[in-house]
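# Architecture and fold: a report
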Amino acid sequence: MERAPVRAPLIKNLEFKVGLLLTLTLLVIVLFILYTLYARGAFERARELILVAPNAEGVSVGMPLSFSGFPIGQVARMALTENGEVRIVVEVKEKDARWLRTSSVFTLEKGFIGGAKIRAFTTNLKDPQLPDRAERKLLTGDATEEIPVLIAKVKAILENVQGMTAPDSSINQSLDHVRTVTERMTGEYGVMEGVLGGPDKAQRLVTALDRANSLLTTLNGVSLKVDSVLAKTDQRVFGTDGTLARVDQSIAGVNAILGDVRDSLKKADAILANAQQATANVTAITADVKGATADLATLRTEVDDSIRKVNHLINEINKKWPFARDVEIKLP
Amino acid sequence: MPFLASLLTRRGAATLNWLRGWNGLTRFGAGAVVEALTPSFYNSATRSVVQKQIYFTAWQILPGYGLFAALLSFVIIQIVVSKARDFGLSDYALEMTMRVLVLELLPLITALFVALRSGAAINTEVALMNINNEIKALREAGVDPMRFEFVPRVIGGMISVVSLISFSSIVALVLAYLVVYGWQLSGFADFTRVIAKVFVPLAMFGLILKALAFGLAVTVIPISAGLNAPQKLFFAPISVLQGMVRLFFVLMIIEVASLALQYI
């Protein structure tokens, strides 16, 4: 015979209370399990989106895919491909799939603090929807990735700065030189002393400048004189009694002389014709040799005379033509 | 060297005793589980004991414990959320509170609470029954004490612990939602996403398994400790002490094991 081991303590509605507690517990557990299943998208059709990334650091299963800051999907699983890339399978609920279009871009962002984020960007919502199991590249923008490069660059810059500020650096030397120059500049001759390197050299420059000044004054006088000479020359050459007028006259004289010369030459021609005749008739020649030679002597005197006249005329012209002479302006 | 010999003897005896205790505990626990899984075990008498155990362990303390759990959860959620906001990590605040409270802290605290309240009582009762030869008497009267005294308590204790953990966890989740999103429904989608992230199948399975293990430990260890006590009255407090220390140790082992399974 069995008997209850616990001696019936009087508890009101014991069975009801325990039943209620059990029912409620079961209800809570079942509802919660259903809720987690719903949360994991068990009751909803989902599309799969495959993102291919070179590196999946920071990506974990269950990580959200956010669009405009709203989670529209989550990483379901990840695997390495044959060529070392990562295939991230993202489940996107059917009702959220409209945010993803064929032109959408997916990025993986990693900040200094906190986990990575997968984001979707869709600029044109009129493009066709992304099909199920579409494969897209996951662009990674990692702020921390650039830090080592940045540090290396900064290091190089700092080394340069260190080299610049060292006591024997070229900048310091340049500054020393600048100081020397500016110190000189404070001397009697100012900037000139600084540039030329000493007061004596500056002194020389000043002297040279003074001399150049006086030279310029003299040159001024000279150019005035040259001016007056030129005016006089002008008058003499181109004036009514000027050289040119006289040249004109001389040329007329020359013409006349040339006429004389032509006459003389004609005569010479005739003489030569006679001479030809004479050679043709040797006997006549021999007869007339005396007369011919007398004639030749006259001709020669006449030719000589003509040439002398021309010579004289040319001398005359030369004298009157001012520029033919060697005009030399002697500066004082 | 009589000192060393006696020391070694005493140590050896203590170790053997300790091992005997664990051995008895394991055998008792395995037997209780086998009994609980046998359908013929359940009849009106055992059901009555189970009901009473649930009544005393869960129903009686539910309001007080619920209030305590709510207060503790609220304080921890507030701290986590505000600190996370300070550090600019508010995206992770909700996940953090769920992991800390629902998955780890509340089950452990519930188990400790039940262990202190009911575990100690069961241990004392069984130890006294043992000392007073009541168990022997029951057995002689043809009543299997295992079947009518101990296993119903184990089952009741397990159900109580699971029930208390479920309610306190739901309270913590509702509070977390209210603290993070306030009295509005707009955060539901976000909340659902975090739930999906935290309560993955492995975590759910681990949580249920952990709750059951806590419930088992909280009743099995005190009963076993009471049964193993020598039949002398002054051994009763020692039995309770040993049982409680062992219980605490086992609870911590279960917690560490569940943490290691999920995060390592």
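These figures come from a predicted structure and were not determined experimentally. (Residues numbered from 1 in each chain as written. Chains lettered and ligands numbered in written order. Predicted model: local features only at pLDDT ≥ 70, side-chain atom pairs only at ≥ 80, totals over all residues.)

Per the secondary structure count, chain A includes 7 helices and 7 strands. Reading chain A from its N terminus to its C terminus gives the helix and strand order α-β-β-β-β-β-β-β-α-α-α-α-α-α. Here chain A holds 332 residues, and the buried ones make up 10% of them. Considering only contacts within chain A whose residues lie at least 6 apart along the sequence, 57% involve residues at least 24 apart. (Helix = DSSP H or I, 4+ residues; strand = E, 2+ residues; numbered from the N terminus. Buried ≥ 20, exposed ≤ 12 C-beta atoms within 10 Å, placed from the backbone. Contact = placed C-beta atoms within 7 Å.)

Moving on: the overall build of chain B. Helices and strands together make up the secondary structure of chain B, namely 9 helices and 0 strands. Reading the secondary structure of chain B in the N-to-C direction produces α-α-α-α-α-α-α-α-α. Put simply, of all contacts in chain B between residues at least 6 apart along the chain, 87% involve residues at least 24 apart.

This next bit is on the nonpolar core. In a soluble, globular protein the nonpolar side chains are often hidden away together inside. With 71 residues, the main nonpolar core has Val161, Ala172, Phe214, Ala217 and Val220 of chain B as its most contacted residues. Considering every element that reaches this core, the biggest residue donor is helix H6 (residues 145–181) of chain B, with 18 residues. Ranked by size, the runner-up nonpolar core spans 21 residues in total, among them Leu51, Ala56, Met63 and Ala120 of chain A. (Core = buried A, V, L, I, M, F, W, Y, C linked by C-beta atoms within 7 Å.)

A word on the interface of chain A and chain B. Taken residue by residue, the interface counts 25 residues in chain A and 30 residues in chain B. The leading source of residues in the side of chain A that touches chain B is helix H1 (residues 14–39) of chain A, at 13 residues. Residue classes in the side of chain A that touches chain B are distributed as 16 nonpolar, 4 polar and 5 charged. (Nonpolar A, V, L, I, M, F, W, Y, C, P; charged D, E, K, R; others polar.)

Our next topic: the confidence of the model for chain B. Per-chain confidence: chain B averages 90 in pLDDT, with 100% of residues scoring 70 or above. Note on the complex model: pTM 0.61, ipTM 0.87. (pLDDT = per-residue confidence, 0-100.)

Residue and element names in this part refer to chain A. Looking at where Glu94 falls in the secondary structure, it is placed in the loop between strand S4 (86–93) and strand S5 (105–110). Residues Glu94 and Glu48 lie 46 residues apart in sequence; the distance between their C-alpha atoms is 9.6 Å. Beyond its immediate stretch of four places on either side in the chain, Glu94 contacts Glu44, Arg45, Ala46 and Arg47.

Once that is clear, we can look at the packing of H1 of chain A against helix H2 (residues 44–59) of chain B. At their nearest, the axes of H1 of chain A and H2 of chain B sit 10 Å apart, and the two run at 65 degrees to each other. The handedness of the crossing between H1 of chain A and H2 of chain B comes out as left-handed. Contacts between H1 of chain A and H2 of chain B involve Leu14, Glu15, Lys17, Val18 and Leu21 of chain A from the former and Gln51, Lys52, Ile54, Tyr55, Ala58 and Trp59 of chain B from the latter. Split by residue class, the contact of H1 of chain A with H2 of chain B holds 7 nonpolar, 1 polar and 3 charged. (Axes fitted to C-alpha atoms, helices over the stretch in contact; angles between N-to-C directions. Left-handed = near helix turned anticlockwise from the far one by under 90°.)

With that settled, the discussion passes to unusual backbone geometry. Its identity is not glycine, yet Ser68 of chain A carries a phi of approximately 55 degrees, on the positive side. As for its placement among the helices and strands, Ser68 of chain A is situated in the loop between strand S2 (64–67) and strand S3 (70–80). Despite not being glycine, Asn133 of chain B shows a phi value in the positive range, around 65 degrees. We classify Asn133 of chain B as exposed; it has 12 C-beta atoms within 10 Å.

Attention now moves to helix H7 (residues 188–198) of chain B. Owing to its 3.6 residues per turn, the α-helix aligns residues three or four sequence positions apart on the same side. Among the residues of H7 of chain B, those classed as buried are Arg193, Val194, Ile195, Ala196, Lys197 and Val198 of chain B. Buried-residue contacts for H7 of chain B involve H1, S2 and S3 of chain A together with helix H4 (93–131) and helix H8 (201–228) of chain B.

Here helix H5 (residues 199–238) of chain A spans 57 Å end to end across 40 residues, near enough to the 58 Å set by a 1.5 Å rise per residue. Burial runs low along H5 of chain A: only 1 of the 40 residues are buried. (Expected span 1.5 Å × (residues − 1).)

It is worth spelling out the packing of H1 of chain A against H6 of chain B at this point. Helix packing geometry: the angle between the two helix axes and the distance between the axes. Contact geometry of H1 of chain A with H6 of chain B gives a least axis separation of 9 Å together with a crossing angle of 55 degrees. With respect to H6 of chain B, the axis of H1 of chain A lies oblique. In this structure, the crossing between H1 of chain A and H6 of chain B has a hand that is left-handed. In this structure, H1 of chain A contributes Leu21, Leu22, Thr25, Val28 and Ile29 of chain A to the contact, and H6 of chain B contributes Ile159, Val162, Ser163, Ser166, Phe167 and Ile170 of chain B. Here the residues of the contact of H1 of chain A with H6 of chain B sort into 8 nonpolar, 3 polar and no charged. (Parallel < 35°, antiparallel > 145°, perpendicular 65-115°, else oblique.)

It is worth spelling out the environment of Ala134 of chain A at this point. Residue and element names in this part refer to chain A. By the element assignment, Ala134 lies in strand S7 (residues 134–142). A residue is classified by how many C-beta atoms lie within 10 Å of it, and Ala134, with 15 of them, is partly exposed. Dropping the residues within four chain positions of it, Ala134 is found in contact with Leu49 and Ile50.

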